[in-house]
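Structure assessment
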Amino acid sequence: MRIGLVLRAAMVALLLALVLRPGWFEPVFAPLAPAGGPVIYTRSSLLSLSLSHLWLVAAASSLATLVAVTLAILVTRPAGAAFRPLSRTITNVGQTFPPVAVLALAVPVLGFGAGPTLVALFLYGLLPIFENAMTGLSTLPPHTMEAARGIGLNNRQRLMRVELPLALPVILAGIRLSVVIALGTATIGSTVAARTLGEVIIAGLLTNNTAFVLQGGLIVGLFAVLIYDALVMLEHRLARRSGRAQRG
Amino acid sequence: MTGSSDLRGRSPDLRARAARLPLSPPGILFAALGVLALALPFLSLAANRIVAGEGVSAFASAGVPTVAVAIACIAAGLALGLVRGAPWMRLGGSLLGLAGLVLLLSQGATTLLDGAGDFARVSPAAGFWCLALALMLLMADALSTMGLGPWRRGGLLVLLLAALAAVLWSGLLGDLSIAQEYRGRIAAFRTATWRHVGLAFGSLAAAAAIGFPLGILCHRRPGLRGSVLPVLSFLQTIPSLAMFGLMIPLLGWVGSTVPGARELGIAGIGFAPAFVALVLYSLLPVVANTVAGLAAAPASALEASRGMGMTAMQRLVRVELPLGMPVILAGLRIVLVQNVGLAVIAGLIGGGGYGTFVFQGLNQTATDLILLGALPTVLMALVSAIVMDILVDLARPTPERSR
């Protein structure tokens, strides 16, 4: 536990330094850059690229959460039962679609820039959240549901006060999955001219500058690992509170 | 058997209301989507490869008799999909609709290209994709309510793939722009296909070769499990482009310092870094599912095998592995589908595969080149997923399949 804490603090410090003070790392990356070439990416500030990257992921993921949870609620009501086999098939089949292919296919429809990336992240992010929300809402302990009905809660109250809070840890696991995928896919979004940290890696790949590749890769990797870790901790806390073992 | 069984046990009032409605609610959704799609441009005609095309409605894309037959097929297909509780009829409807769609696409492309200039290109537009989506959703919905066994699903998959191959080989779609892109790159396409298969399946094999022993070790030693699984899930979190990028300096260094490595083809660019990155991504599902699969053997079965005097090795091979096989195969399914998709990124670091076409197409804003890379990738991922699902089902000792 103690070691984990130190490790996390060190990773946060390293990430902040890489993003805010990239100049400090010049001696470290210098041997990797081509002779006479630039060592530190300066074409745009790493901070603004990071913020734009995180904004894309946050916007797509929150939109996906809203839509996916709403759909999962509709499908788990008696009136939506006819759509349940279909929605299960769509989530199964949809998740076999490679995220990169979704991104590439969005370009002909939406053109280049942040738009197609946002749409691709949103569409792909829907599936894990929907799947987990549906699992969470359809596997509630029957005794609890019986008790909720017994104390006279109506459908809406049962949903808001019992079903959603109990399903929350499972839903959150889906959100975590989709955020991690979105962070990775957003990186590739820079090939369709979205402003993300992938720009640094791509610039390195195009000019054979390993220093850029390593710099961009480290920042994106640290962001992904830290965000994943934070969401796992949040999940554990919620799962403990709702007395339900977390899954996935 | 379809909707009504879901409603069993719910309020009698609702069941009665549902029984009165003879239509399938998803079918209504697909039909509405289909009707809407007919209002969108069906094909797009462009003067050359790069400029944006002009939309052509489905009704104006070919001669009147062809259009009438094709639209009748599509409409009849969607109408059959409305019938509730008759999944075979709905499946037939989706196939009929798809046949009409292919007819209109093929005849429309030929008609539009006629006299449109040497460089003219015809590609499917939004209307086509929406209709295809509606019909495929119909097929998926019909299949999911049928609950077919693994052998029948396999047979159906073979039939559908054969139909797809027949359509592609017959040259029916040869006038489409994507087919023209293909004809200009037949050799490159073949190389890319083999490279993509090599990356996806080769990394699966390597991950299995490393992951199975590691998973068995982790199963035996809980202490090892506690340190291996977090490291592997850490690797899984790293975004793919970063991972591929980080492999380049690493393997470049290995290639230039370790004697003999360069002769084996290990270098900072090309196949090796892509392959290693894919293997690293694959380890978590393989190891985690092997551990979970081995742990799934019931205590009574283990007790019995111990009582029979089996050694630890015999227990593993004859009891734990067979019982855990469905879970282990499910891990391989995750890996295979994931790697088929991730192998696209190899195109960015000179690793080959379908990604080459995707990123070339993105650079040249050539939509059809993007499709030439993306569609086979999606198909490969889908077929792998379906085949692996069938294998998982076959490995599961179900009561229906008593041996």
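Residues numbered from 1 in each chain as written. Chains lettered and ligands numbered in written order. Predicted model: local features only at pLDDT ≥ 70, side-chain atom pairs only at ≥ 80, totals over all residues.

Of the regular secondary structure elements, chain B holds 16 helices and three strands. C-alpha extents for chain B along the principal axes are approximately 75 × 70 × 35 Å. Sorting the 403 residues of chain B into buried and exposed places 42% on the buried side. Nonlocal contacts in chain B, meaning residues at least 24 apart in sequence, comprise 71% of its contacts between residues at least 6 apart. (Helix = DSSP H or I, 4+ residues; strand = E, 2+ residues; numbered from the N terminus. Buried ≥ 20, exposed ≤ 12 C-beta atoms within 10 Å, placed from the backbone. Contact = placed C-beta atoms within 7 Å.)

A separate point is the UniProt feature "transmembrane region" (unreviewed entry) in chain A. Residues and elements named next belong to chain A. In the numbering used here, UniProt assigns the "transmembrane region" (unreviewed entry) feature to residues 54-75, 166-192 and 212-234. Taken end to end, residues 166-192 is 85% helix and 0% strand, and its first and last C-alpha atoms sit 40 Å apart. For residues 212-234, the end-to-end C-alpha separation is 33 Å, with 100% helix and 0% strand making up the annotated structure. (UniProt positions renumbered as here; feature names shortened; annotations may be inferred.)

Quick look at the sheet that holds strand E2 (residues 54-57) of chain B now. All names here are of chain B. In space, the three strands of this open sheet follow the order E2-E1-E3, with antiparallel pairing throughout. Looking at which strands have only one partner, the edges of the open sheet turn out to be E2 and strand E3 (121-124). Averaged over all pairs of adjacent strands, the angle between strand axes in this sheet comes to 30°, irrespective of strand direction. Along the sheet, helix H6 (residues 126-146) contacts strand E1 (41-46) and E3; its crossing angle with E1, the most-contacted strand, is approximately 145°. (Pairing = 2+ DSSP bridges. Axes fitted to C-alpha atoms, helices over the stretch in contact; angles between N-to-C directions.)

Turning next to the nonpolar core. Counting 172 residues, the largest nonpolar core has Ala104(A), Leu121(A), Ala133(A) and Val287(B) as its most contacted members. Counting the residues that make up this core, at least three belong to each of domain 1 (3-156) and domain 2 (186-401) of chain B. The contact partners of Leu121(A), leaving out residues within four places of it in the chain, are Leu56(A), Val57(A), Ala60(A), Ala182(A), Thr185(A) and Ala186(A). (Core = buried A, V, L, I, M, F, W, Y, C linked by C-beta atoms within 7 Å. Domains from an automatic or database assignment.)

Opposite the 42 residues of chain A that make contact, chain B presents 41 residues. Listing elements by their share of the side of chain A that touches chain B, those giving two or more residues are helix H4 (84-94), helix H5 (99-110), helix H8 (155-188), helix H9 (198-206) and helix H10 (210-242) of chain A. When residues of the side of chain A that touches chain B are assigned to their parent elements, the largest contribution, ten residues, is made by H10(A). A class-by-class count of the residues in the side of chain A that touches chain B yields 29 nonpolar, eleven polar and two charged. (Nonpolar A, V, L, I, M, F, W, Y, C, P; charged D, E, K, R; others polar.)

Here Ser44(A) shows up in the loop between helix H2 (26-29) and helix H3 (46-76). For Ser44(A) and Glu199(A), which are 155 residues apart along the polypeptide, the C-alpha to C-alpha distance reads 9.5 Å.

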